[in-house]
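Notes for the structure review
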Amino acid sequence: MILQKLLNHQWKEKVRSSFWQRSIWLNILLGILALYLILCVASIGFLADKILSEIYSDRNVVQAFSGLLFYYFSFDLMMRFLLQKVPVISMQPYLTLPIKRSTLIHYPLIKTIPGFFNLLALCLILPFYLKTVLPANPLMWSVVWIITVLSLIFINNFLAFLLKKYFAKRPLFIFIILALVGVIAWLDIKGNLNMTEWVASAFAFLESHPAYEIIPVLLALCSYEMAYIMLKRNSYIEEEKKRISKISPGFTFLSKYGETGLLMQNELRMIFRNKRPKSVVWLSIIFLFYGFIFYQPLEINKVFFLVFAGFFVTSSAGLMYGQYFFAWESSYLDVYLANRIVALNYLKAKYWLFFVLCSICYILTIPYALFGHNIALINFSLFIYNLGVTSFLYILFGTYSRSRIDLGKSQFMNYEGTGAAQWLSMIPVMGLPFIIYGLCALAGNANVSFYVLIALGGLGIIFNEHILILLTKIFYKNKYKMAVAFRKR
Amino acid sequence: MIEFNNLKKVYGGKSALSVDRLTVRPNECIGLVGNNGAGKTTMLSLILDLIKATDGYVTSMGNKVNENDDWKEYTGSYLNEGFLIPFLTPMEYFEFIGSLHGMNKEDVVTFLNEASGFFSEDITVKKYIRDLSAGNKNKVGIMAAMMWKPGLLILDEPFSNLDPTSQSWLKNRLKKLNNERVTMIISSHDLNHISEISSRILLLENGILIKDISSGEGTLKELERYFSVS
């Protein structure tokens, strides 16, 4: 009946939308990744008793596991905040039909219960439960345990929606929580703050006083209720106060630099006034810290890692911006095609913005040189290489972009705009430095490769105008196909 | 001014436009009419070099539009929302388009004051174009196309989504521009408006030019007769 029809519609909506907008290869890749994740998690659950008995030789394995659940659920909550989609049934078409409003609200909520994150949590918990918890403890005990854990999963599921609704505008929130959990974990390991023991004893308390089990169950029901209320509140159309975005800076100083400056102004406004490019900038800030992972004593001598790290760390913002050259303006490319804009200036604007973004990243990552003597050279060479070679490669591959980007959608799990061009571009862009390094190493002197990179990049920078003129010809050839692809919604 | 030469555009086996010869003379005001799918937007897109012709070419002032960009200096156009930059405020958008043609901020403001009959408050209020209503978005696009006094003006269904007052304002403005020697190609579904403004009507159907007539007294009746279903 009604529920069946709704299910049918939802299925149609799913099948006809994002799934097919991504290419089949991407979906296969994602499918494999998901499967891999599930297998990993399930095997951890299965082998947890062995792992934990080695680490926590002084404690009951189940207690240890329960304690660690704090970290698992914190992490789980954060991942849900980032990746879980808030349930929405596009209500408007259904509101005036003879369907109870409460059905329309319960339905999407219930639909989230068999979601990926819940599945993942179950894959972790169930093997452990069946293998370790059940056989070792009295039945009542095990039942209480599993109810508690299931309630926690349930709470996380709905709490994520509430958090997402209220904090989605402030991604800083996530960093704060991440930092907080990190600090707790650090203190825990050091022994100053025994979070794991505290949580384990909370579990123990519930076991010995099963009557209190009502608390987690009540909390679970509460979280559902709150999600219900939130969804209900948003089901009235008038409630949709048009969010009028605050006007962000106009970068008007650039208008003094002629047409190129004008176009750079547009690009900067595009980055700061739209959800997706703005979150890309945030992401690139995170990339700046990659160095702390790679520049550890273990890896410091493996040049491969240094080159890899240097490539990203010195130019992260530029790379993320450049990867989607032209696709960023897919919803308004016609403005640049039909108006009096010199194509060379158009490409110049992009080149110089790339230049500026990379330069900022490089300057910020200069301190990494303190980690090792050859890092300074490697990073500088990769920076110059990116300025003089990668930039042009990105422009070239950009003209082969064939899919539209919606600037308003968030960057996370958003594969709009990635097509064959983007994947293929990674090969020469990232591959070349390594190939050059490999060739020089074979020839006897590996360090020469860095000077080669600097030379190549330097040439690119010096002759940038000539190269850009060549690229405009390619742009002219490819603009029709690109524009036609972008106009398709 | 504009010439079509064996112009053809084919989409997936089906001919969207096929015009052997067409000449648009300076100062003409061409009204382009036809049912949906007739090829009006295709024709305008070809003139603006936004799509690639399957065969033939369009010239503007003697130069092929796909080989020479000079036409951009005197051609103002607005076809659809894709011509707007969604994250700019209307003022910023006007300033941008204006500065491409040598207009500074004061010039833009002067123009907007002159055109105040067309606008609602929204246009000058600090709102991004993407947050405007469909009608206001259209107004921004149309205004930006006209603002810098182009020699050739190309509009695709400008009267759609406009309230009655704005429609009247636009109609009068277009007539005035034509008197000031601006060449225009306007497509519309509104037979009344189009027969009032145009000096020449082109009627497309399935990509073929069925009628090419000078607009006069009986034109409206002729068009209504053509499109009526009985």
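Report follows, based on the coordinates. Worth saying up front: this structure is predicted, and the values here are computed from it rather than measured.

1. Here's the deal with the overall build of chain B
Counting secondary structure elements, chain B contains seven helices and 10 strands. At 17 Å, chain B has a C-alpha radius of gyration in line with the 17 Å of a compact globule built from 230 residues. Projected onto the principal axes, the alpha-carbon positions of chain B cover approximately 45 × 45 × 35 Å. By residue count, 56% of the 230 residues in chain B fall in the buried class. For chain B, the share of sequence-separated contacts (at least 6 apart) that also reach a separation of at least 24 residues comes to 66%. Only carbon and sulfur atoms are counted for the fraction: they give 46% of the accessible area of chain B, which is about 9,900 Å². In chain B, 25 positive and 29 negative side-chain charges are present, and the distance between their average locations comes to 3 Å.

2. Quick look at the packing of aromatic side chains
A full pass over the atoms with the stated rule returns 35 aromatic pairs over all chains. Between F116 of chain A and F117 of chain A, the aromatic rings sit 6.0 Å apart at their centres with planes inclined by 75 degrees, giving edge-to-face as the arrangement. On the accessibility criterion, F117 of chain A (12% relative accessible area) is buried. When the ring of Y324 of chain A is compared with that of W328 of chain A, the centres are 5.5 Å apart and the planes differ by 75 degrees; the resulting orientation is edge-to-face. In terms of burial, Y324 of chain A and W328 of chain A fall into one category: buried. Chaining the aromatic ring pairs together yields one cluster made of F326, Y332, Y336, Y346, F475 and Y476 of chain A together with F87 and F96 of chain B. Cation over ring: K131 of chain A sits above F46 of chain A, and NZ or CZ is 4.6 Å from the ring centre. If you follow K64 of chain B out to its NZ or CZ, it ends over the ring of Y57 of chain B, 4.4 Å from the centre.

3. Observations concerning the pairing of strand 2 (residues 14–24) of chain B
Moving residue by residue along a regular strand, the side chains alternate between the two faces of the sheet. All names here are of chain B. Where strand 1 (residues 2–11) lies against strand 2, nine bridges are found, and the strand directions are antiparallel. Its bridge partner lying in strand 2, L7 is registered against V19. Hairpin geometry of strand 1 and strand 2 is characterised by an intervening segment of two residues between the two adjacent antiparallel strands and by a positive phi of about 50 degrees at G12.

4. What to know about the environment of Y212 of chain A
All names here are of chain A. Structurally, Y212 is set in the loop between helix 10 (195–208) and helix 11 (214–233). The class of Y212 is partly exposed, set by a relative accessible area of 41%. Through-space distance from the C-alpha of Y212 to that of A48 is 27 Å; in sequence the pair is 164 residues apart. Excluding its chain neighbours within four sequence positions, the residues that come into contact with Y212 are F205 and L206.

5. Points about the sheet that holds strand 5 (residues 63–64) of chain B
Residues and elements named next belong to chain B. Spatially, four strands are ordered 2-1-4-5 in an open sheet, and the strand pairing comes out antiparallel. Sheet topology places strand 2 and strand 5 at the edges, where each strand pairs with a single neighbour. Bridge analysis of strand 1 against strand 4 (residues 55–60) gives five bridges, and the strand direction is antiparallel. Bridge pairing in strand 4 places E3 opposite T59. Contacting strand 1, strand 2 and strand 4, helix 1 (residues 40–47) crosses the sheet at an angle of about 125 degrees to strand 1.

6. A short note on the interface of chain B and chain A
With 29 residues of chain B at the interface, the matching set in chain A holds 32 residues. Summing both sides of the interface, chain B and chain A together bury roughly 2,900 Å²; the carbon and sulfur share of this comes to 56%. On the chain B side of the contact with chain A, F87, L100 and Y128 of chain B bury the most area, a combined 22% of that side's loss. Viewed at the interface, chain A and chain B are joined by three salt bridges. Here R269 of chain A makes a salt bridge to E92 of chain B, at a shortest N to O gap of 3.7 Å. Our enumeration of links across chain B and chain A arrives at 10 residue pairs in polar contact (both at pLDDT 80 or more). In terms of residue count, helix 2 (residues 90–100) of chain B provides more of the side of chain B that touches chain A than any other element does, five residues in total. In terms of residue class, the side of chain B that touches chain A is made up of 13 nonpolar, six polar and 10 charged.

Conventions we followed
Residues numbered from 1 in each chain as written. Chains lettered and ligands numbered in written order. Predicted model: local features only at pLDDT ≥ 70, side-chain atom pairs only at ≥ 80, totals over all residues. Heavy atoms only, no water. Helix = DSSP H or I, 4+ residues; strand = E, 2+ residues; numbered from the N terminus. Rg over C-alpha atoms; globule rule 2.2 N^0.38 Å. Buried < 20%, exposed > 50% of the residue type's maximum accessible area, 1.4 Å probe, protein only. Contact = heavy atoms within 4.5 Å. Areas by Shrake-Rupley, 256 points an atom, 1.4 Å probe, with all protein chains shown as cover. Lys, Arg positive; Asp, Glu negative; His and termini not counted. Charge placed at Lys NZ, Arg CZ, Asp CG, Glu CD. Phe/Tyr/Trp six-rings, centres within 6.5 Å; stacked < 30°, edge-to-face > 60°. Lys NZ or Arg CZ within 6 Å of the ring centre and 35° of its normal. Pairing = 2+ DSSP bridges. Axes fitted to C-alpha atoms, helices over the stretch in contact; angles between N-to-C directions. Buried area = accessible area lost by both parts, 1.4 Å probe. Salt bridge = Lys/Arg side-chain N within 4 Å of Asp/Glu carboxyl O. Polar contact = N/O pair within 3.5 Å; in protein donor to acceptor, adjacent residues only side chain to side chain. Nonpolar A, V, L, I, M, F, W, Y, C, P; charged D, E, K, R; others polar.

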